[in-house]
Amino acid sequence: MITRRDAFHLGLGTLVGVSVSSSKLLSQIVVQTQDTSLPRTFPAVTNTSLAEKAEAKGLYYGSAVLRHHLISDSHYADHIIQTCKMIVPEWELKWSAGACPLRPTPHTFDFTSADAVALFASNHKLLLRGHTLVWHLSLPNWFSETVNSQNAEAYLNNHIQTVVEHYAGRMHSWDVVNEAIEPQDGLSEGLRKTPWLKFLGADYIKLAFQAAAEADPKALLVYNDYGLEYDTPKHDAKRAAVLKLLERLKTQGVPIHAFGMQSHLDGSETHLNLKKLRQFLADVASLGLKILVTELDVIDKNLSADITVRDHMVAAAYEDYLNVVLDEPAVIAVLTWGLSDRYTWLSEFEPRPDGLPVRPLPLDANLNRKLAWNAMARAFDNAPNRG
Ligand code: XIL
């Protein structure tokens, strides 16, 4: 069913107010209208991969991956190899996620899963990102029983030293600290309530970056966060607090090199304020930091069930966002949080109320290119060259 809002987004101005309920009729109308009067279409692009298009502008394109998909689904793995220049393990470098977690016990590390992803990267000449060393989520069960104010610094240092050294020289970049800001928690500086903050105070962030820099002086060290894109009071507050944090870290001489903007976009959100977003990115860049779009995808749970409409709106969200972001010369990479709708965390985390499969990524579940792919390709083509 096409709603008034869908019609508006599709440029179907003349349809608004027309009462039509047959989805067959609607899809005919959409196709006809797309052919003639759409304000924007997303035509198929040449066979050039997204990685090549990005690279032509001095950018990296990449995707999050899971080890078990790379192993069990060779067709999918081929698409990762053809499309990406960079990959990031979605779970394997978190303290505890998946069947074979990195931190099974307080004193042991199991690199089996993460090493498999690292080997895939090196076998296929893909750059590798590390995600993530310090986060309030994906902590193992033993963590709360074991870590306390007395030993937290030792646990933090030991974890970072061991994991970062293990991959030293092989990581393009590390998300050293993830999601440390949450103004809604009501703490000073907008810091999120986390076990690390509780045990170590605000300096846990500095300590983490220092430990990472010592363990791998070559990797780009990144602070990564979400909820920053839109012109809403919540996002305004988060942008301000993140900027303050980055400023503070730079002033303290903390070895931080880049900011990761997760970019889980909402396809139904209309409050994209280009000026505010541009200003935020420029402010981050003015601190001497590079910027990476680290987890791009478009949540479609509030969009029309009609796939034609939905894919168009998802593609528009990709292009509108990337056009602004790629205009900022400090942006060096764009990674989507997955490549195909076949495997996306949003199926579980942001499911559609109508139960239909979600369609947030550049490839559909059959690994075919969607309008979102064309939108990304065009955004890369239109991006200024980093030189
Ligand atoms: C998500 C993964 O995609 C899920 O599979 C996992 O269960 C939970 O974490 N921000 C982040 C990522 O920094 O680590 C999250 O990844 C998505 C939101």
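These numbers come from a predicted model, not from an experiment.

Observations regarding the pairing of strand β9 (residues 331–336)
Inference 1: Of all six residues in β9, six are buried, a share of seventy percent or more.
Inference 2: Pairing geometry for strand β1 (residues 60–65) and β9, over four bridges, is parallel. Counterpart to G62 in the pairing with β9 is L335.
Inference 3: Handedness of the crossover is the feature at issue here: the chain leaves strand β8 (residues 290–299), passes through helix α13 (residues 307–327), returns alongside β9, and the resulting connection is right-handed.

Overview of the packing of aromatic side chains
Inference 1: This structure, assessed with the given rule, holds 13 aromatic pairs.
Inference 2: Where F109 meets F111, the ring centres are 6.1 Å apart and the plane angle is 10 degrees; that geometry is what we call stacked.
Inference 3: Measuring from ring centre to ring centre gives 6.4 Å for Y223 and F259, while their planes differ by 20 degrees; the resulting arrangement is stacked. Separated by 36 residues along the polypeptide, Y223 in strand β5 (residues 220–225) and F259 in strand β6 (residues 258–261) bring together distant segments of the chain. Just as Y223 is buried, F259 falls in that class too.
Inference 4: For R103, the ring lying beneath its charged end belongs to F109, and the centroid distance is 3.9 Å.
Inference 5: Sitting over the ring of Y226, K238 keeps its end group 3.7 Å from the ring centre.

Notes on unusual backbone geometry
Inference 1: Residues H131 and T132 are joined by a peptide bond in cis, for which omega reads 0 degrees.
Inference 2: Along the chain, the position of T132 falls in strand β3 (residues 127–134).
Inference 3: Positive phi, close to 60 degrees, is recorded for E179, a residue that is not glycine.
Inference 4: Look at E189: it is not a glycine, yet its phi comes out positive at around 65 degrees.
Inference 5: Within the secondary structure, E189 is located in the loop between β4 (173–178) and α9 (195–200).
Inference 6: Judged by relative accessible area, which is 43%, E189 ranks as partly exposed.

A word on the environment of P357
Inference 1: Within the secondary structure, P357 sits in the loop between α14 (346–349) and α15 (371–382).
Inference 2: Along the backbone, P357 and D341 are 16 residues apart, and their C-alpha atoms lie at a distance of 8.3 Å.
Inference 3: With residues up to four places along the chain from it excluded, the contact list for P357 reads R310 and R352.

Definitions and cut-offs
- The residue numbers shown here count from 1 along each chain, following its written sequence.
- Totals for whole chains, interfaces and linings use every residue, but because this is a predicted model, local features are given only for residues with pLDDT of at least 70 and side-chain atom pairs only at 80 or more, for both listing and counting.
- As a rule here, side-chain values cover all heavy atoms of the structure and leave hydrogens and water aside.
- Only protein chains enter the accessibility calculation, which uses a 1.4 Å probe. A residue is then buried if its area is under 20% of the maximum for its type, exposed if over 50%, and partly exposed in between.
- Each helix is a run of DSSP H or I of at least 4 residues and each strand a run of E of at least 2, with the numbering of both proceeding from the N terminus.
- Two strands pair if DSSP finds at least two bridges between them.
- Viewed with both strands pointing away, a crossover whose connecting path from the first strand over the helix to the second turns clockwise is right-handed.
- Ring pairs are drawn from Phe, Tyr and Trp, using the six-membered ring of Trp, whenever the two centres fall within 6.5 Å, and their geometry is named by plane angle: stacked under 30 degrees, edge-to-face over 60, tilted for the rest.
- We count a charge as sitting over a ring when the NZ of a lysine or the CZ of an arginine lies within 6 Å of the ring centre and within 35 degrees of the ring normal.
- Residue contacts follow a heavy-atom distance rule, with two residues in contact if any of their heavy atoms lie within 4.5 Å.

Such coordinate-based values are descriptive only and should not be taken to indicate function.
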